[in-house]
Every structure is written in structure tokens, then in C-alpha cells.
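Fold and geometry: a report
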Amino acid sequence: MSLLEHLNAKLDAISAQSLKRSLRRADTGTAPRQTINGRELLMFCSNDYLGLAAEPAIAEALAEGARRWGGGSGASPLVSGHSAAHEAVADTLAAWFAPHIPQARAIGFCTGYMANLAVVTALGDEHTEIFSEQLNHASLIDAARLARARITRYAHADVTGLRTLLAASTAKIKLIVTDAVFSMDGDLAPLPGLLALAEEFDAWLIVDDAHGFGVLGEKGRGSLEHLGLSSERLILVGTLGKAAGLAGAFVAAHATIVDYLLQAARNFIFSTASPPAVEHALLTSFALIDGPVGAARRANLVARQAQLRNGLMALINRHPHLGWALTDAATPIQPLIVGGNAEVMALAAALEHAGLRVPGIRPPTVAAGTARLRITLCGTHTEADVDALLIALERAAASQERAA
Ligand SMILES: *Cc1c(COP(=O)(O)O)cnc(C)c1O
């Protein structure tokens, strides 16, 4: 069979399960109101949680960075790609996380996917056992597959189950690997319990705070600040393309760990450093996260989360026959579990018809039978925006109930 026939058969099977994915074209930048395929929609799908991507000060800093540094970095960091802007970003992050990780240093990456690949493959050598949370992000799963370590999975948020697995392990090095905020559920990992296990069993805790950085904690430092955690056993991964509104990622950890990543993380060593203008603009983003703009956006997020959650609970109670449900979300990620793939796509289409974009998430991204709308809030959504979503959902629920 030729490759094209083979792929066409697979594509047909994907379509038959209502799992076909396709691109939409954005005609304006990310913001609560964005023009998609030529039509303005009210968006509940971006990870730009603080609305900083649309902040004029960020665009200005990018332009200033480009005037000063030009375009690309020209080389990998160890050759000549590591600029003073890269260093200032890493130093700022090291200072931010010093209260949580004694002797912290930070190292930058172009994306969170790359940062996870680096930390898990470099630390997960043949002496290591990786204890991987069931709902970890795809980048952590792929990284574990590439690592030479033995991989043991533990059930979602199951501290007791993990304890049994750690007690039985004879591995010289033990790494617990988890998302801090689960990207499709919006709930928080039981980090205090996981850290206590790390202390008890001489293990290390890799925390991917892609959705917590900028959002959680009084100063927006993320899950570690939110939960008041501090330990030399914490290895933090943060991304800078979500709440920070730009691009990139970092690992913050004990200086020895960061020094080792610099020697051993192949995707750090053999990949071009990020554009220095982006790093320059990240310094402005950090100042915004740290200052009154960040504080105000975080306060608005908390208010909009409560408004949305209360509204969704009332909706579910009005339409119990639909079988919709909420997760334990405690973040700007507030999924509405619908169940079937076709049902969730019909619901997303009805919302889009009404001028709202909320993505339907299907397997394999989530477990079969738990297809959901993944609603994400932004610090620049207004009360009226969230009301508009709740009204559109009520209409869609009523019409699905009539059809059933
Ligand atoms: C988005 C995300 C990543 C990847 O980060 P990018 O910078 O987008 O590559 C990693 N982990 C989690 C949990 C994420 O949500």
C-alpha cells in the first residue's frame, strides 16, 4: 500500500470518530475579542491568562528589543546565542524562586515542551526511576519515553498510591514528575503531599507550572508561592508563552542541577537560543506580573472564576438529564465535561454560531467518554463576557435537551 493510501485510511478512521482536527486562522492578535476566519468572536480558549500578549507595553518592549538586538540569536546558547537579555531573564527568575528553592538558578528554553524534554531526559538516566502522574502533559510523557530511566505511572493525585510505589523502589535516583495545574482539568496537584514523599524517600519533585506561573500566588510566582512550598528537592518548569504573554520557558532548580542541564540537555545544547528581543520583552512582562497590573488581573481572574463556576453549577442543576459535570478546577481553566465526542463538538459549534469560541477537547487528549469544553478565562474578561458565555450555554443546553 502506498503511503498516501495508508494515511487516507487513517484520516478516514479519525473523521469517523469525530476526532478530525483542523486549523483556524486568526486575523488579529490573541485577546478576549479576536477575529478568527474573518469573524470576531468572544474567546474562552487562550492560555494568555493575564491578557499580557495584547499589552501595549509588551509590544513596545519587543520593538525596543528588536532595535537593540536585531532578529535571531544566531546560535545555540553555549556558542554565542546567550545574550545579556537571556541572562537578565534567568537572573530574575532565580531571584523570584530563591525563597522556594534554596540556591536556585534558572536556565531558559525556547518552549515549555523543550524545557520538559531537557529536564526529564537529562536527569532521567539509567540509574533513575521516574514516577509519572497519570494526567501529565504530553511533553512530560514524551520526555519520559525518551529518557533512559525506568518509568512508573501513578494514578491522578494519588499520594497514597505513590507512597507504596516509592517504598518498593530500589532505584538510586527517584524523580516524581507532575503538572502543578492539570491542563485539561484545571485542578491542582497535591504538591505538599508529593514534596513530603520526596523528603521521606530521598526523591526529587519536578513540577511543571505551565498554568500556574503568573496566575497563582500573591505575586504571581505560581504554585510554589500559592502553596508556600520550599525545598531544595523542587525542580520547577515554567512556561513564558502563557500568562507571561510572550514565548519561552525555564527550569529553576538547585544550581548543581542547572549546571548539569547545561552540560547534558541535548535539546538545549543543539538548538538555537530564543531571539534576544523576546528575552528583552520578558523583562517587561515580569515587571507587569510583579506589579499592580498583574495583581489587578489576578484579582479579576478570581472573581470571574467564581462567577463562571457558580453559573455552570446552576446550569448543570437546571439540566440534570444532559449529564454535564464540572471538575475540581481551582484555576482559570474551568472545563465543562459533556461526555461524547460528537456532543461536545455540536456544543462548541453552537457556541461558535453565537459568536463565542470555546474549544471542544476529545480523546486522546482526555479519557474516552469525558470529552469536554475547555473554558479558559483571561484577566481581561469582564463580568458581561462571562454572562454572555453562560447565556449562550443555557440556550445550547435547552436545545440539546429538546433534541434528546
Ligand atoms: C503548554 C504546556 C507545556 C508546553 O509549553 P509550550 O511553551 O507551549 O511548549 C508544557 N506543560 C504544560 C502542562 C503545558 O500546559
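Everything here concerns the structure above.
Residues numbered from 1 in each chain as written. Predicted model: local features only at pLDDT ≥ 70, side-chain atom pairs only at ≥ 80, totals over all residues. Heavy atoms only, no water.

Attention now moves to the site of the ligand. Close to the ligand lie 13 residues, the nearest being Gly 112, Tyr 113, Asp 208, His 211 and Lys 242. Here an oxygen atom of the ligand and a side-chain polar atom of His 211 are 2.5 Å apart. Interatomic distance of 2.6 Å between a side-chain N/O atom of Lys 242 and an oxygen atom of the ligand. Relative to its unbound accessible area of 370 Å², the ligand is 82% covered by the protein chains. In terms of residues, the shell around the ligand owes the most to one element, helix H5 (residues 112–123), which gives three residues. (Near = heavy atom within 4 Å. Polar contact = N/O pair within 3.5 Å; in protein donor to acceptor, adjacent residues only side chain to side chain. Areas by Shrake-Rupley, 256 points an atom, 1.4 Å probe, with all protein chains shown as cover. Helix = DSSP H or I, 4+ residues; strand = E, 2+ residues; numbered from the N terminus.)

With that out of the way, let us pick up the sheet that holds strand S13 (residues 360–361). Pairing in this open sheet of four strands is antiparallel, and the strands run S10-S11-S14-S13 from one edge to the other. Edge positions in the open sheet fall to strand S10 (325–326) and S13, since each of these has one partner strand only. Alignment of strand S11 (residues 333–339) against strand S14 (residues 371–376), held across six bridges, turns out to be antiparallel. Opposite Ile 337, over in S14, you have Arg 372 as the bridge partner. (Pairing = 2+ DSSP bridges.)

If you trace the three strands from one edge of the open sheet to the other, you get S1-S2-S12, paired in mixed fashion. Two strands in the sheet have a free side with no partner beyond their single neighbour: strand S1 (33–36) and strand S12 (356–357). Where S1 and strand S2 (residues 39–43) come together, four bridges link them in antiparallel fashion. Across the sheet, Arg 33 pairs through a bridge with Leu 42, a residue of S2.

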